[in-house]
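Take a look at the letters that make up each chain.
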Amino acid sequence: MDFMLTEEQKLIQQTAREFAENEVAKDAAERDQKEEFPAAHVKKMGELGFMGMMVSPEYGGGGMDTISYTIVVEELSRIDASVGVVCSVNNSLVCYGLEAFGSEEIKQKYLMPLAIGEKLGAFCLSEPGSGSDASSMKTTAELRGDHYVLNGTKNWITNGKNADYYLITAHTDPTAGNRGISVFVVEKTFPGFTVGQKERKLGIRSSDTVSVTLDECRVSQENLLGEERQGFKIAMKTLDGGRIGISAQAIGIAQGSLDAALQYARERKQFGKPLADFQAIQFKFADMATRINAARLLMYQAAWKKDHKMSYSIEAAMAKVAASETAVFASTEAVQIHGGNGYTKDYPVERFMRDSKITEIYEGTSEIQRLVIGRALTH
Ligand code: CAA
């Protein structure tokens with residue numbers, strides 16, 4: 001067992017950290033306030049090779065391992081979790097799905113531009129009536145001649161306003177439950193595809209979240225991803241990797257919270273000495289650091305198993321539940337350590353606390369992660 005990062009992974013970490021600290025940090029608070037998409041940073045992430053990190057170089061990607069990818073998402077999210085999720089969704093929910101299940105034509109046409117950051121992707125599974133119970137979706141895709149015609153509404157679509165390409169799940173056989181679901185690659189410009197209103201959110205406000213509607217949207221047969229009726233398994237496998245990405249986002253938020261609180265506690269004096277000298281505060285740091293370390297090791301284990309082509313659904317679920325609950329815990333403690341200052345927008349910890357909550361909700365709630373783990377243990 002080797003707990004050291006490789007030289008290459010250390011270099012990737014340094015590149016991501018410098019980019020996040022020197023560029024992303026500058027306007028993170030302002031974009032959060034204005035709910036403004038980080039377009040310039042997304043462009044730069046494409047240039048840095050962060051948008052298709054695990055994609056094979058043959059399709060324009062970095063050919064990197066999953067641990068390198070988690071390092072980048074963590075470093076971005078340590079400064080700004082909105083930028084972290086834009087990167088995570090494009091990499092693990094869109095590029096992964098296209099590379100793992102797409103035809104050669106799909107890979108050339110859609111994966112390439114996404115992997116080099118020229119285009120942006122979104123993943124559309126949830127609907128107004130189907131969240132955790134993903135297979136109860138109502139969107140349909142009916143084959144008429146050589147085209148599928150899609151009808152329905154998809155909700156909570158991260159990157160949805162700014163994306164170019166969307167992976168859409170729909171029933172090709174509505175009578176067959178989860179075995180009747182298929183996945184399609186839909187372009188924003190396809191007639192009948194409409195991007196709805198942007199959600200007003202508690203956190204990750206600089207990332208865009210929208211609903212999209214499909215009204216008699218014609219999609220060619222070539223844009224079917226994988227095989228018909230395999231869509232639920234494609235979505236679940238894709239989400240397994242996505243959950244590693246959200247673990248990295250959550251660990252980034254937690255680490256950013258710890259770093260900010262440490263800096264504050266060393267500078268702020270009460271009762272004649274720095275807060276950092278009080279054992280009550282040191283114990284908070286001890287708990288934060290211990291939980292962050294534990295969650296990060298779980299995440300690396302899931303990433304390692306994915307890279308070694310082993311089953312990793314359970315480890316990804318464990319990593320996500322541990323990391324997201326650590327993010328909420330650590331960011332709340334960071335606000336507490338900052339006292340009144342932490343409750344204001346003068347310090348980043350209130351943003352970290354707001355941003356942390358979503359990690360317990362999207363890409364499978366903590367309850368769903370526990371369901372996945374619990375079922376595996378008992379069946
Ligand atoms: N990999 C491969 N196959 C899988 C799988 C996985 N991880 N999980 C389930 N399957 C297969 C099962 O083996 C089963 O196959 P068979 O029919 O051949 O036996 C089939 O899929 C159905 O599985 P279940 O019976 O377990 O299905 P279920 O209806 O009980 O649901 C669930 C399982 C785990 C609850 C699933 O619905 C789930 O993960 N729900 C949460 C959905 C979710 O994460 N949504 C997030 C939306 S994405 C997002 O957040 C957007 C964003 O932009 C960030």
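Since we're looking at a predicted model, the values are computed, not measured.

## Remarks on the domain arrangement of the protein chain
Parsing the protein chain into structural domains produces domain 1 (7-115), domain 2 (121-228) and domain 3 (232-378). Spacing between the C-alpha centres of domain 1 and domain 2 amounts to 22 Å. Contact residues are listed per partner, giving 25 residues for domain 1 and 24 residues for domain 2. In this assembly, domain 1 packs against domain 2 so that about 2,100 Å² is buried in total across both faces, 60% of it on carbon and sulfur atoms. On the domain 1 side of the contact with domain 2, Glu35, Phe37 and Tyr110 bury the most area, a combined 32% of that side's loss. Residue glutamate 35 is joined to arginine 205 by a salt bridge in which the shortest nitrogen-to-oxygen separation is 3.3 Å. A class-by-class count of the residues in the side of domain 1 that touches domain 2 yields 14 nonpolar, five polar and six charged.

## Quick word on the site of the ligand
The full set close to the ligand counts 25 residues, and Ser132, Thr158, Lys233, Glu363 and Arg375 are the nearest of them. Between arginine 375 and the ligand, the recorded distance is 2.8 Å, taken from a side-chain N or O atom to an oxygen atom. With the chains in place, 75% of the 1,100 Å² that the ligand exposes on its own is no longer accessible. Sorting the residues of the shell around the ligand by element identifies strand E3 (147-158), helix H6 (231-267) and helix H10 (366-378) as the ones contributing at least two each. Per-element accounting of the shell around the ligand gives the leading share, seven residues, to H6. Class assignment for the residues of the shell around the ligand results in ten nonpolar, eight polar and seven charged. Viewed by domain, the shell around the ligand spans two of them, domain 2 (121-228) and domain 3 (232-378), each represented by three or more residues.

## Side note on helix H1 (residues 7-34)
Across its 28 residues, H1 extends 39 Å between first and last C-alpha, which sits within 8% of the 40 Å expected from 1.5 Å per residue. At valine 24, H1 is deflected by roughly 55°, the largest bend along its length. All of the buried residues along H1 are Gln9, Ile12, Ala16, Phe19, Ala20, Val24, Ala28, Arg31 and Asp32. Close packing links the buried residues of H1 with helix H2 (39-48), helix H3 (66-79), helix H4 (81-101) and helix H9 (349-357). A positive phi of about 55° marks glutamate 35, the residue just after H1.

## Things to note about the packing of aromatic side chains
Under the criterion given, the structure shown has seven aromatic pairs. Ring centres 6.2 Å apart and planes at 75° place the aromatic pair phenylalanine 271 and phenylalanine 278 in the edge-to-face group. Phenylalanine 278 gets classed as partly exposed once you look at its relative accessible area, which sits at 23%. Over the aromatic face of phenylalanine 278 sits the side chain of lysine 273, whose NZ or CZ is 4.7 Å from the ring centroid. In this structure, arginine 291 packs its charged tip against the face of phenylalanine 329, placed 4.4 Å from the ring centre.

## Focus: the pattern of salt bridges
Applying the stated criterion to the full structure yields 26 salt bridges. As a salt-bridge pair, aspartate 173 and arginine 229 come within 2.9 Å of each other at their nearest N and O atoms. In this pair, aspartate 173 sits in the loop between strand E4 (165-171) and strand E5 (181-187) while arginine 229 sits in the loop between strand E8 (224-225) and H6, placing the two residues 56 residues apart along the sequence. The shortest N-O distance in the salt bridge between glutamate 315 and lysine 305 comes to 2.9 Å. On the criterion of sequence distance, the pair formed by glutamate 315 in helix H8 (residues 313-338) and lysine 305 in helix H7 (residues 279-307) is long-range, its members being ten residues apart. What makes lysine 305 buried here is its relative accessible area of 17%. Overlapping salt bridges, with partners in common, bring together Asp32, Glu35, Arg200, Arg205, Lys345, Glu350 and Arg354 in one network.

Procedures and definitions
Residues numbered from 1 in each chain as written. Predicted model: local features only at pLDDT ≥ 70, side-chain atom pairs only at ≥ 80, totals over all residues. Heavy atoms only, no water. Domains from an automatic or database assignment. Contact = heavy atoms within 4.5 Å. Buried area = accessible area lost by both parts, 1.4 Å probe. Salt bridge = Lys/Arg side-chain N within 4 Å of Asp/Glu carboxyl O. Nonpolar A, V, L, I, M, F, W, Y, C, P; charged D, E, K, R; others polar. Near = heavy atom within 4 Å. Polar contact = N/O pair within 3.5 Å; in protein donor to acceptor, adjacent residues only side chain to side chain. Areas by Shrake-Rupley, 256 points an atom, 1.4 Å probe, with all protein chains shown as cover. Helix = DSSP H or I, 4+ residues; strand = E, 2+ residues; numbered from the N terminus. Expected span 1.5 Å × (residues − 1). Bend = angle between axes of the 7 residues up to and from the residue. Buried < 20%, exposed > 50% of the residue type's maximum accessible area, 1.4 Å probe, protein only. Phe/Tyr/Trp six-rings, centres within 6.5 Å; stacked < 30°, edge-to-face > 60°. Lys NZ or Arg CZ within 6 Å of the ring centre and 35° of its normal.

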